[in-house]
Amino acid sequence: MGEALIRGFLRSKVSSPGRICVSVRDVERQDALERIGIGSIFGDATDGGSKEVAQFSSVILLCTKPQAMTEVLQSLAPHVTSEHLVISVAAGITLQTLESALGEGVRVVRVMPNTPALVQCGASAYALGKNVTARDADIVDLLLSSVGFCIAVEEKQLDAVTGLSGSGPAYVYLMIEAMADGGVMAGLPRETALALAAKTVAGAAQMVFGDDGGSNSSSALGMVHPGVLKDRVASPAGTTIAGLAELESSGVRGAFIRAVSRAAQRAKEIGS
Ligand SMILES: NC(=O)c1ccc[n+]([C@@H]2O[C@H](COP(=O)([O-])OP(=O)(O)OC[C@H]3O[C@@H](n4cnc5c(N)ncnc54)[C@H](OP(=O)(O)O)[C@@H]3O)[C@@H](O)[C@H]2O)c1
């Protein structure tokens, strides 16, 4: 996720390689970051990396797995001050945990991004900690909207966001793969079926935001209800309603609802 965000920030030009420094353990990942021009690459956060990142940065993004976060926070705490803005993307790790691990007065924001940030089509939500300023909120908004859509939510809603948009790309990949399989079964070559399935998902999503595809600003959503769009393409006794009836009898709607809700529950378990 961290690498997707960095690549997204560079693509959108909200930052440049020379302004980013990274702590990372894996040698292959270090090589990948060097190849995109990141000049300052430090090693393990728990072995000096945190100190160096804090020394050279004013905005620090925490992108390790939630399970590694306790150790990483311990390594960062002695070096972080009220001059830093710390942004965590870890699922389930609360603002209270972050604030009490990093110390009084530290400005903390909790974000749930998703991997399409890599291609400027991310969907992120964020909750602000008690010490953040209006300028911090603007910085978070600037960074996240440079890689897609972003919206402020209450912290208690972030587990739901994790289950929906954080984990959601995987559900959609599964759906695209299955739709393409259906196309192959109906006689299309695999590559054609996959391209048509993926473009259909992207185009249909765009339609929900109206003719212009919407903007990254949460204040100008102007969305069209998907039920209205669905009804527009399902003509009487046509092909689409025949396909929809099949999906409904397979319980697809309920499966998506349960998937989001189970993933949200899992995010809550990780954080407790
Ligand atoms: N993946 C998603 O779609 C997604 C979406 C939203 C939020 N998130 C959040 O993003 C975070 C990362 O998830 P991920 O899927 O991107 O995991 P990941 O691919 O395993 O990335 C975690 C990175 O943290 C590095 N790391 C771990 N301990 C470190 C340490 N002590 N010092 C320096 N680097 C260290 C890992 O390095 P090594 O490779 O060397 O172990 C790895 O590069 C999680 O907290 C997750 O909740 C993920």
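As recorded in an unreviewed UniProt entry, the protein chain goes by the name Pyrroline-5-carboxylate reductase, listed as coming from Chlorella vulgaris. UniProt, in its Sequence similarities (unreviewed entry) section for the protein chain, records the words "Belongs to the pyrroline-5-carboxylate reductase family."

## What about the pairing of strand β3 (residues 59-62)?
The alternating pattern of β3 places I60 and L62 on a buried face, while none of V59 and L61, on the opposite face, is buried. Two strands pair when backbone bridges link them, and β3 and strand β4 (residues 85-88) are joined in this way by 4 bridges, in the parallel orientation. Of the residues in β4, the one forming a bridge with I60 is V86.

## Focus: the sheet that holds β3
Spatially, 5 strands are ordered β3-β4-β5-β6-β7 in an open sheet, and the strand pairing comes out mixed. Two strands close off the open sheet at either side, each with one partner strand: β3 and β7 (148-152). Strand-to-strand twist in this sheet, taken as the mean axis angle between neighbours without regard to direction, amounts to 25 degrees. Here 4 bridges tie β4 to strand β5 (residues 107-112), and the two strands are oriented parallel to one another. Among the inter-strand pairings, L85 is bridged to a residue of β5, identified as R107. Across the sheet, helix α5 (residues 95-102) touches β3, β4, β5 and β6 (122-128), and the angle it forms with β5 is around 145 degrees.

## Examining the domain arrangement of the protein chain
The extent of an interface is frequently quoted as the accessible surface area lost upon association of the parts. You can read the domains of the protein chain as domain 1 (2-153) and domain 2 (166-271). Inter-centroid distance (C-alpha atoms) of domain 1 to domain 2 is 30 Å.

## Quick notes on the packing of helix α7 (residues 158-166) against helix α12 (residues 252-271)
Where α7 meets α12, the axes come as close as 7 Å, and the angle between the chain directions of the two elements is 130 degrees. Relative to α12, the element α7 lies oblique. Along this stretch, α7 crosses α12, giving a crossing that reads as right-handed. Where α7 approaches α12, its residues D159, A160, T162, G163 and L164 are matched on the opposing element by V260, A263, A264, A267 and K268. Along the lines of polarity and charge, the residues of the contact of α7 with α12 split into 6 nonpolar, 2 polar and 2 charged.

## Re the site of the ligand
Around the ligand, the structure places 20 residues, and the nearest of them are M1, R25, D44, A45 and T64. Residue M1 places a main-chain N or O atom 2.6 Å away from an oxygen atom belonging to the ligand. R25 is positioned such that a nitrogen or oxygen atom in its side chain is 2.6 Å from an oxygen atom of the ligand. Per-class residue counts for the shell around the ligand are 10 nonpolar, 5 polar and 5 charged.

## Focus: the packing of aromatic side chains
In total, this model carries 1 aromatic pair according to the counting rule given. Their ring planes at 15 degrees and their centres at 5.9 Å tell us that F42 and F56 sit as a pair that is stacked. Within this pair, whereas F42 is found in strand β2 (residues 40-42), its partner F56 is found in helix α3 (residues 49-56), the two being separated by 14 residues in sequence. Under the relative-accessibility criterion, F42 is labelled buried at 13%.

## Details of the nonpolar core
Across soluble globular proteins, you tend to see nonpolar side chains buried next to one another. Residues L62 and L102 are the most contacted members of the largest nonpolar core, which totals 26 residues. Elements supplying a minimum of two residues to this core: α3, β3, α4 (69-76), α5, β5, β6 and α7. When residues in this core are grouped by element, the largest group, 4 residues, is from α4. Among residues more than four places away in sequence, those in contact with L62 are M69, V72, L73, L76, V86, I87, S88, V89, A90 and L98.

What counts, and where the lines are drawn
For every chain, the first residue of the written sequence is number 1, and numbering continues from 1 along that sequence. Predicted model: local features are reported for residues with pLDDT of at least 70 only, side-chain atom pairs are reported and counted for 80 or more only, and whole-chain, interface and lining totals are derived from all residues. Processing note: side-chain calculations cover all non-hydrogen atoms of the structure and skip hydrogens and water entirely. UniProt positions are given in the numbering used here, feature names are shortened, and annotations may be inferred rather than shown by experiment. Type-normalised accessible area, obtained with a 1.4 Å probe on protein chains alone, sets the label of each residue: buried when under 20%, exposed when over 50%, and partly exposed for intermediate values. Helix and strand assignments follow DSSP, with helices taken as H or I runs no shorter than four residues and strands as E runs no shorter than two, numbered in order from the N terminus. Two strands are said to pair when DSSP picks up at least two bridges between them. A fitted line through C-alpha atoms represents every axis, and for helices the fit uses only the stretch in contact; the resulting angles, taken between N-to-C directions, go from 0 to 180 degrees. Throughout, a contact is declared for two residues whenever any of their heavy atoms are within 4.5 Å. Domain start and end points were adopted from an automatic or database domain assignment. The scheme is simple: roughly parallel for angles under 35 degrees, roughly antiparallel for over 145, roughly perpendicular for 65 to 115, oblique for anything else. By definition, any crossing whose near helix is turned counterclockwise from its far helix by less than a right angle is left-handed, and any crossing with a clockwise turn is right-handed. All amino acids are sorted into three groups, where Ala, Val, Leu, Ile, Met, Phe, Trp, Tyr, Cys and Pro are nonpolar, Asp, Glu, Lys and Arg are charged, and the leftover types, Gly among them, are polar. Whether a residue is near a molecule or strand depends on its heavy atoms: if one lies within 4 Å, it is near. We define a polar contact as two N or O atoms separated by no more than 3.5 Å, with the added condition that, inside protein, one atom must be a possible hydrogen donor and the other a possible acceptor, whereas residues neighbouring each other in sequence contribute only through side-chain atom pairs. Stacked, edge-to-face and tilted are the three classes for Phe, Tyr and Trp ring pairs, Trp counted by its six-membered ring, which pair at centre distances within 6.5 Å; planes under 30 degrees apart are stacked, over 60 edge-to-face, the rest tilted. We define the nonpolar core as a collection of buried residues of types Ala, Val, Leu, Ile, Met, Phe, Trp, Tyr and Cys that are connected through side-chain atoms lying within 4.5 Å of one another.

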